[in-house]
Amino acid sequence: FQFSILFNDLRLKSKYFPRKISCEVSLNMVNSEYTSGMRNLNGFLCQNIKNENRLKSVTDTVRKYFDGELRDHLLTLNFYSVCARNKNQRINDSYMDEWLEIYAGKMKEKIYNEFIQYSIDKYKKLNNPFPENILNEKLISVADSSVITIRELLNKYKGKQIIIDNWASWCGPCAHEIKISKNKVLELEKRNNQFIYLSLDKSSDFKKAKDKALELGIIEKAYVVSGSFNSEYAKYLNITGIPRYIMINVNGDIKNLGL
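The model shown is predicted, which means the values in this text are computed figures rather than measured ones.

Let's talk about the pattern of salt bridges
Under the criterion given, the structure shown has 11 salt bridges. As a salt-bridge pair, Glu187 and Arg191 come within 3.3 Å of each other at their nearest N and O atoms. Here Glu215 and Lys212 are joined by a salt bridge, their closest N and O atoms 3.5 Å apart. In this pair, Glu215 and Lys212 both sit in helix 12 (residues 206-216), 3 residues apart, roughly one turn of the helix. Of the residues examined, Glu215 reaches a relative accessible area of 48% and is grouped as partly exposed. Linked through salt bridges whose partners overlap, the residues forming this network are Asp67, Arg71 and Asp72.

Some thoughts on the confidence of the model for the protein chain
Close reading of the predicted structure is inappropriate where its pLDDT is low. Within the protein chain, residue pLDDT values average 88, and 89% of them lie at 70 or more. Every residue in residues 1-10 is under pLDDT 50, and counting partners more than four places away or in other chains gives 11 contacts.

Notes on unusual backbone geometry
Ile242 connects to Pro243 through a cis peptide bond whose omega is 5 degrees. With a phi angle near 55 degrees, Ser228 is a residue other than glycine that sits in the positive phi range. Inspection of the secondary structure assignment puts Ser228 in the loop between strand 5 (222-225) and helix 13 (232-236). The residue Asn238 is not glycine, and still its phi comes out positive at about 55 degrees. Mapped onto the elements, Asn238 comes out in the loop between helix 13 and strand 6 (244-248). For Asn238, a relative accessible area of 44% translates into the label partly exposed.

So, the nonpolar core
If you look at the biggest cluster of nonpolar residues, it comprises 46 residues, and the most contacted ones within it are Phe130, Ile164, Trp167 and Tyr233. Dropping the residues within four chain positions of it, Phe130 is found in contact with Leu135, Ile150, Leu154, Ile164, Tyr233, Tyr236, Leu237, Ile248 and Ile254. Grouped together as the second largest cluster of nonpolar side chains are 31 residues, Ile21, Leu75, Met107 and Ile116 included.

A closer look at the packing of helix 4 (residues 54-65) against helix 6 (residues 96-103)
The interhelical angle for the contact between helix 4 and helix 6, taken along N-to-C directions, is 35 degrees, at an axis separation of 10 Å. When helix 4 is examined against helix 6, the residues Leu55, Thr59 and Arg63 are found in contact with a partner set consisting of Met96, Trp99 and Tyr103. Within the contact of helix 4 with helix 6, the residues separate by chemical class into 4 nonpolar, 1 polar and 1 charged.

Observations regarding the sheet that holds strand 7 (residues 254-256)
Sheets are built from strands that pair by backbone hydrogen bonding, the pairs being arranged parallel or antiparallel. Reading across the sheet, the 7 strands line up as 2-1-5-4-3-6-7 and stay open at both edges, with mixed pairing between neighbours. Strands at the two margins of the open sheet, each flanked by one partner only, are strand 2 (147-149) and strand 7. Between one strand axis and the next, the sheet turns through 35 degrees on average, direction left out of account. Two elements, strand 3 (residues 161-167) and strand 4 (residues 193-199), share 7 bridges in a ladder whose sense is parallel. If you follow Ile162 over to strand 4, its bridge partner there is Gln194. Docked against the sheet, helix 10 (residues 172-180) engages strand 3, strand 4 and strand 6, running at close to 140 degrees with respect to strand 3. Packing against the sheet, helix 12 makes contact with strand 1 (138-141), strand 3, strand 4 and strand 5, and its axis sits at approximately 125 degrees to strand 3.

Calculation criteria
- Residues numbered from 1 in each chain as written.
- Predicted model: local features only at pLDDT ≥ 70, side-chain atom pairs only at ≥ 80, totals over all residues.
- Heavy atoms only, no water.
- Salt bridge = Lys/Arg side-chain N within 4 Å of Asp/Glu carboxyl O.
- Helix = DSSP H or I, 4+ residues; strand = E, 2+ residues; numbered from the N terminus.
- Buried < 20%, exposed > 50% of the residue type's maximum accessible area, 1.4 Å probe, protein only.
- pLDDT = per-residue confidence, 0-100.
- Contact = heavy atoms within 4.5 Å.
- Core = buried A, V, L, I, M, F, W, Y, C linked by side-chain atoms within 4.5 Å.
- Axes fitted to C-alpha atoms, helices over the stretch in contact; angles between N-to-C directions.
- Nonpolar A, V, L, I, M, F, W, Y, C, P; charged D, E, K, R; others polar.
- Pairing = 2+ DSSP bridges.

Given below as structure tokens:
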């Protein structure tokens, strides 16, 4: 649908949408063409919203024209996009806390509640440093078995942009990525980037991690995370699969969560 051509005057909205739009066939909510079309329509309806308190205006528009699960779907996606926009552009939307009070955990479908939580978690983490409990997490050097905290490791490369490669000795794709990216890593490290490799192997598999790190040529920059996937570090970053890359900027703030 070419909505921008079909509806060239916002005053026509009331004519074409006398009733709220809802999804009459629940299976359509898992149909990408249907949901994409509805998102395009939502985008058209919200296209003239320019004010900084965009979340409230977009929310009011969605509530005016949509109903049921389709409304919840669009509200959730709009919240995610506003979180991303506000964080990237450092905009403070005073309505965000009020929006969360109204909708967080209160959507009928669990998936929307989970995505709202994911959105706000990501919003709070980006452009901020690791919290104290994560900075105090212990790492074991694969090279010499010495213990270092995440804080100490980040301070070691202070002033550089840090890329954390989360991997494990048993992860085939991890090893493949490390092997094929060697030349690119060397080039990036010449440009004030630093790669470090945090293994999520279990402590009992330390030797396996060491042997694999030696094989891959990363032993001097490799560490095992105490607690593996159950560590506070992995939980904070919601690491459930690897390889996973985290970027820390020169100020020590999380720049990219690799999601």
